[in-house]
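Coordinate analysis (summary)
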Amino acid sequence: MRRIQKGWLALVLALCLLPGMTACGEPAAAFTAEDARMIVEALFAAAAGTTTETEKELRASLTEEQCLERSAELAAYREMTLPWLCMAFTPEKDEAADIEAPAPEETPIAVEVWTLEDGYAALNESAPGRAYLELLRSLGFDGAEDCLQGTAQACQLWLAEIDGAALAEINPDYACWLYCPDTQIDYPVVQGDDNSWYLHRLFNGDYNACGTLFIDYRNLPDFQDPNTLIYGHHMRNGSMFKAITFYEDQAWYEAHPYMLMISNHEIAVLEMFAGYTTSKRDSCYDIAISDENDLRAFVDEAKQKSDFSCGVEPQAGDRLVTLSTCAYAFQNARYIAIGRLHTIWLADEAAYM
């Protein structure tokens, strides 16, 4: 498979907005909300290219070197499927911000053009990818463009169920929605005036031990900081942020490399690159990353401590998100998972400034 170089996302999104490549085509079949949910779940599994169970079984018989080769193989696969995932969640052209490819002087590395057929071919290489495409065929879609358009229709129906305006009306502290496939992480996220109120308050303000996912009050809104912190409880029943502790296992990471962040201003894929047990004094809780050197040091330290290895390399200008929950390896332990944001859609800045 060909390696996509720097600048692929801008080109992919520009490609996505070409006639015939948008989410606004006529549906080949009428979707139900259940159809949309199944397609979104299948899409994320297909983009990952494996399941936790598959990876655990496979890696049990591999040497350490072979495991590294397997991870590199999956990373190469995801370079071909991540653009497909991003395109599927891109709103219609008249709703999306204009996205331009980088100027030549800003892209010294030659950019290799990605096509729908590239992504479609990659999806056919994995069992989850083939299952996802078979699901689409059962609903009347076939071929690369048709399958992408069908997926985009399902994604927009799924997104429509997250009514950000209504959520903000219920609670002005509403910041975004966070979704992690194959887990209970499918929740609204708030940002209050401190880091204590939502520890034991539901989204509607009622007292409850499970609390609400919340962004550190010190962070700027709309993920403007280099590192945005989101906290959540580690609940025994699997709810809230317990699932992020599963990143201690390489097989889990390989099957769950992405989350999705949806706000009233942005849709973004959160690409995970580190997860580990630590204390509340860890540098991962630093919000102020002042320059490229600070970012490099932050990323290098996180990846060195990480329970899983990956080929994701955040660059200068990337925005990071650190998810934090309680852990029980020692007193007051924390488990954190860190990802970088890939913006899929950004609202017109003038519309909300």
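Residues numbered from 1 in each chain as written. Predicted model: local features only at pLDDT ≥ 70, side-chain atom pairs only at ≥ 80, totals over all residues. Heavy atoms only, no water.

1. What about the side chain of Asp216?
Rules: The secondary structure listing takes helices from DSSP runs of H or I that are at least 4 residues long and strands from runs of E that are at least 2 residues long, numbered from the N terminus. N or O atoms within 3.5 Å of each other form a polar contact, as long as, within protein, one can give a hydrogen and the other can take it, and as long as residues adjacent in sequence are counted only when both atoms are side-chain atoms. Residue contacts are defined here by distance: any two heavy atoms, one from each residue, within 4.5 Å place the two residues in contact.
With respect to the helices, strands and loops of the structure, Asp216 is situated in the loop between β3 (213-215) and β4 (227-231). A polar atom in the side chain of Asp216 sits 2.9 Å from the backbone nitrogen of Arg218. Residues within four places of Asp216 in sequence aside, it is in contact with Gln191, Asn195, Leu229, Tyr231 and Ile287.

2. Things to note about the packing of aromatic side chains
What counts, and what does not: The pairing test for Phe, Tyr and Trp rings, Trp by its six-membered ring, is centres within 6.5 Å, and the orientation test on the planes gives stacked under 30 degrees, edge-to-face over 60, and tilted for anything in between. Working definition: with a 1.4 Å probe on protein chains only, accessible area under 20% of the residue-type maximum means buried, over 50% means exposed, and in between means partly exposed.
Throughout the structure, instances matching the rule amount to 13 aromatic pairs. When the ring of Tyr174 is compared with that of Phe203, the centres are 6.2 Å apart and the planes differ by 80 degrees; the resulting orientation is edge-to-face. In this pair, Tyr174 is assigned in strand β1 (residues 174-179) and Phe203 in the loop between β2 (186-190) and β3, connecting sequence segments 29 residues apart. On the basis of relative accessibility, which here comes to 9%, the residue Tyr174 falls in the buried class. Cluster of aromatic residues (ring-pair linked, three or more members): Phe246, Tyr247, Trp252, Tyr253 and Phe308.

3. A few points about the sheet that holds strand β7 (residues 320-326)
Applicable threshold: DSSP-based pairing: two strands are paired if at least 2 bridges between them are found. Axis definition: a line fit to C-alpha positions, over the contact stretch in the case of helices; interaxial angles, taken between N-to-C directions, run 0 to 180 degrees.
A barrel is described by the order of its strands in space; here 8 strands give the closed sequence β1-β2-β3-β4-β7-β8-β6-β5, paired in mixed fashion. Here the strands of the sheet are splayed against their neighbours by 30 degrees on average, with no regard to which way each runs. As paired strands, β4 and β7 are joined by 5 bridges and run parallel to one another. Its bridge partner lying in β7, Thr228 is registered against Val321.

4. Quick word on the side chain of Asn171
Secondary-structure assignment places Asn171 in the loop between α8 (164-170) and β1. Here Tyr198 takes part through its side chain, which lies 3.0 Å from a polar atom of the side chain of Asn171. A polar contact of 2.8 Å, which involves the side chain of Asn171, links it to the backbone oxygen of Phe203. With residues up to four places along the chain from it excluded, the contact list for Asn171 reads Val190, Tyr198 and Phe203.

5. Focus: the pairing of β4
For β4, the tally of buried residues reaches 5 of 5 residues, placing the bulk of the element in the interior. Alternating positions in β4 separate into two faces, Asn227, Leu229 and Tyr231 on one and Thr228 and Ile230 on the other, with burial throughout.

6. Notes on the nonpolar core
The cut-off we apply is this: Among buried residues, the Ala, Val, Leu, Ile, Met, Phe, Trp, Tyr and Cys ones that are joined through side-chain atoms within 4.5 Å form a nonpolar core.
Grouped together as the largest cluster of nonpolar side chains are 103 residues, with contacts concentrated most on Trp84, Phe89, Tyr132, Trp158, Tyr247, Leu260 and Leu323. Ignoring sequence-local partners within four residues, the contact set of Leu323 consists of Leu178, Ile230, Phe241, Ile244, Met259, Leu270, Met272, Tyr335, Ile336 and Ala337.

7. Quick notes on the environment of Thr115
Here Thr115 lies in the loop between α4 (64-88) and α5 (116-123). C-alpha separation for the pair Thr115 and Pro83, spaced 32 residues apart in sequence, amounts to 9.3 Å.

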